[in-house]
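What follows is each chain in one-letter form.
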Amino acid sequence: MEIQLENFTPAEQATFRLRALYEQAGYRKYRCSRFEEYALYQEYRRFLSDAQVVTFTDLDGKLRAIKPDVTLSIAKTAQPAPGECKRFYYNEEVCRPSRESHTFQTIRQMGLECMGAVDAAAQAEVVLLALQSLAALEVPTVLEVSHMGFVTGLLDALQVPESARGRLLELLNQKNAHELHAAALAEGLDEEAARSLCALLTLHGPLGATLAAARSLCRSDAQRAALEELQALQNRLGEPGRGTQLDLSMADEMEYYNGLVFTGYVAGVPRAVLKGGRYDYLMQRFTPGANAIGFAIYLDELERLNPEVQDSAASAWLNIALPKGRLGDKAYKLLAEAGYRANEDYNDTRKLVVENPEAGVRYFLVKPSDVAIYVEHGAADIGIVGKDILTESDADVYELLDTGMGKCRMCVAGPKNFVDDESRALRVATKFVNIARDHYERRGRDIDIIKLNGSIELAPILGLSDVIVDIVETGTTLRENNLAVIEEFMPISARFIANKASYKFKYQQMSTLLNKMKEALAQ
């Protein structure tokens, strides 16, 4: 009896198609044990996406862990001989912490690994299989490639201290040009060096055209070598590689990957569904001299596919989340001045969604604290949100512009005569728990956090806390209650954010809107 794939879920359909693709390419299935000795993950925890793992004591008394990663297990046992190249594919479940539920979650992965004598041909073969894997999903997709050597080559050429690289790379991955420039200067780089770092954010687009643009910005032999490798990859991919994008600002997981990296996106799915790259450093820990490249597809993400989103008319809209209140009014006025006025005034209607079909934009009015959530999860493509809320939520989004609206600052405040007693934990009242914790952790100060949802200034007055961490605009409320700012540590303003997957598929629309917003702000 012939199997009708349309009767299966998108993830199940993908499993059938990918298995056939990988076996036809000569990859053999690798079956992992569900558990590994915890010592493996303890030793190689810097190669894990998250160091937290579920552990238990087995019947033999050994401490074991529910597998959080497949590649480590394959790399440990593959042991390719000199000159040999082993090829595996897998369909496994791993257990990792979930950002959304804050609990451990089972994640279904399907992927492949090429280990041993990995040459340019083998590398191109894996990238081609990544392209074919996305094509097998039968929906619009895009594959982005990058090279860690280009980014590290620039950091080395600019003599960026190791201690500063983590923060700069974080801002680079957020496409946060405004803070990247300021952070580079704060770390002692000169203006030219800061601009060179920010220039990485412009190296995004079709593979061939972006390679040409990147050559003029090279400052080191390592960067030139990285571009030569990417050019060789493009030549080997040929026509099947048409449509591949290059984003040289993509530089996350540098502990894991060391050369070529690539990420795959599917229209209608809010985050990457495919991730992969070269991980020679990890492979050589198990087999000296061996190299490795591979990728994983996150099957659970495919269950988010919505057939309606795949419709070209539906996907043409640019969905914008605006915060209710004064900031939302200011943001909408700015967008209206930029040519994106809705066909009806949202203040005069009870509709939750207003739109402008001619401009192709649709506005959602949501609570300020929810804007980043709507954007991260793909319900909105872009949004305007305060830096305080964005930092507190730790949303995985691109931060494309500081609008300068709603300026204030995050402060520590307390009684005017406050003196910190360092012999005990400092009691801190705040609604920004993550921001407060991070601030005091960097100072090495032990604190007890008291979470409040309003009237934060009342806490030190009634003795509930020693100090508060809150946003301060004019300071009038503090002064009228005999309180004072003790420390300012974060400037706050409204930021323009974008969903990472939407940015790949609606780049031209977003860029046009963003440029018009910048023009409106400059007036």
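Here, every reference points to the structure presented above.
Per chain, residues are indexed from 1 in the order of the written sequence. Confidence filtering applies because this is a predicted model: local features only for residues at pLDDT of at least 70, side-chain atom pairs given and counted only at 80 or more, and all residues used for totals across whole chains, interfaces and linings. Note that water and hydrogens are dropped before the side-chain values are worked out from all heavy atoms of the structure.

1. Remarks on the overall build of the protein chain
Note the cut-off: Going along the chain from the N terminus, every DSSP run of H or I of four or more residues is numbered as a helix, and every run of E of two or more is numbered as a strand. The size measure is the radius of gyration over C-alpha atoms, and the globule rule it meets is 2.2 Å times the number of residues to the 0.38 power. Burial here depends on accessible area, computed with a 1.4 Å probe over protein chains only, as a share of the maximum for the residue type. Under 20% is buried, over 50% is exposed, and the range in between is partly exposed. Working definition of accessibility: Shrake-Rupley area with a 1.4 Å probe, residue cover restricted to the visible protein chains. Charged-residue counts in this description rest on Lys and Arg as positive and Asp and Glu as negative, His and the chain ends being excluded. Throughout, a charge is located at the NZ atom of Lys, the CZ atom of Arg, the CG atom of Asp or the CD atom of Glu.
From N to C terminus, the protein chain includes 22 helices and 23 strands. A compact globule built from 523 residues would reach a C-alpha radius of gyration of about 24 Å, and the protein chain, at 25 Å, matches this within 12%. For the protein chain, buried positions account for 51% of its 523 residues. Just so you have it, the protein chain exposes about 24,700 Å², and 48% of that area is on carbon and sulfur atoms. Averaging the coordinates of the 59 positive side-chain charges in the protein chain and doing the same for the 73 negative ones gives two points 1 Å apart.

2. Comments concerning the sheet that holds strand S7 (residues 141-147)
What counts here: Note on pairing: two strands pair once DSSP finds at least 2 bridges between them. Whether two residues are in contact is decided by their heavy atoms, any of which lying within 4.5 Å being enough. Here an axis means a line fitted to C-alpha atoms, over the contact stretch when the element is a helix, while the angle between two N-to-C directions is reported on a 0 to 180 degree scale.
Taken together, the nine strands give an open sheet; going across it, the order is S1-S5-S6-S12-S11-S10-S7-S9-S8, and neighbouring strands pair in mixed fashion. The sheet is open, and its two borders are formed by strand S1 (28-29) and strand S8 (204-206), each paired with just one other strand. Direction of pairing for S1 relative to strand S5 (residues 85-97): parallel, over a ladder of two bridges. Pairing of Arg28 across the sheet is with Phe88, part of S5. Against the sheet, helix H5 (residues 148-157) makes contact with S7 and strand S10 (260-266), and its axis sits at roughly 40° relative to S7, the strand it touches most.

3. Overview of the pairing of strand S19 (residues 426-430)
For clarity, the threshold we go by: For crossovers, right-handed means that the path from the first strand over the helix to the second runs clockwise, given strands pointing away from the viewer.
Across the five residues of S19, four count as buried, placing the element largely inside the fold. The β-α-β motif built from S19, the intervening helix H18 (residues 433-443) and the parallel element strand S20 (residues 447-451) has right-handed crossover chirality. Taken together, the three bridges between S19 and strand S21 (residues 467-472) define a ladder with parallel strand orientation. Counterpart to Val428 in the pairing with S21 is Val467.

4. Here's the deal with helix H10 (residues 221-237)
Using the following cut-off: Every helix has an expected span of 1.5 Å times one less than the residues it contains. Here, the arc refers to the directions that run from the helix axis to the C-beta atoms.
Given a rise of 1.5 Å per residue, 17 residues ought to cover 24 Å, and the 24 Å separating the end C-alpha atoms of H10 matches this to within 8%. For H10, the set of buried residues is Gln223, Ala226, Leu227, Leu230, Leu233 and Leu237. Mapping the buried residues of H10 onto a view down its axis gives an arc of 115°, with all of them on the same face. Turned more than 90 degrees from where H10 packs its buried face, Asp221, Glu228, Asn235 and Arg236 sit exposed. Elements in contact with the buried residues of H10: helix H4 (120-135), S7, H5, helix H9 (207-215), strand S9 (245-247) and S10.

5. Brief notes about the packing of aromatic side chains
Pairs of aromatic rings are described using the distance from one ring centre to the other and the angle between the two planes. Convention followed: For Phe, Tyr and Trp, rings pair up if their centres lie within 6.5 Å, where Trp contributes its six-membered ring, and each pair is then called stacked (planes under 30 degrees apart), edge-to-face (over 60) or tilted (otherwise).
Across all of its chains, the model carries 13 aromatic pairs by this definition. With 5.4 Å between their ring centres and 80° between their planes, Tyr332 and Tyr363 make a pair best called edge-to-face. You can see Tyr332 sitting in helix H15 (residues 326-337) and its partner Tyr363 sitting in strand S15 (residues 361-366), a full 31 residues away along the chain. One exposure class covers both Tyr332 and Tyr363, and it is buried.

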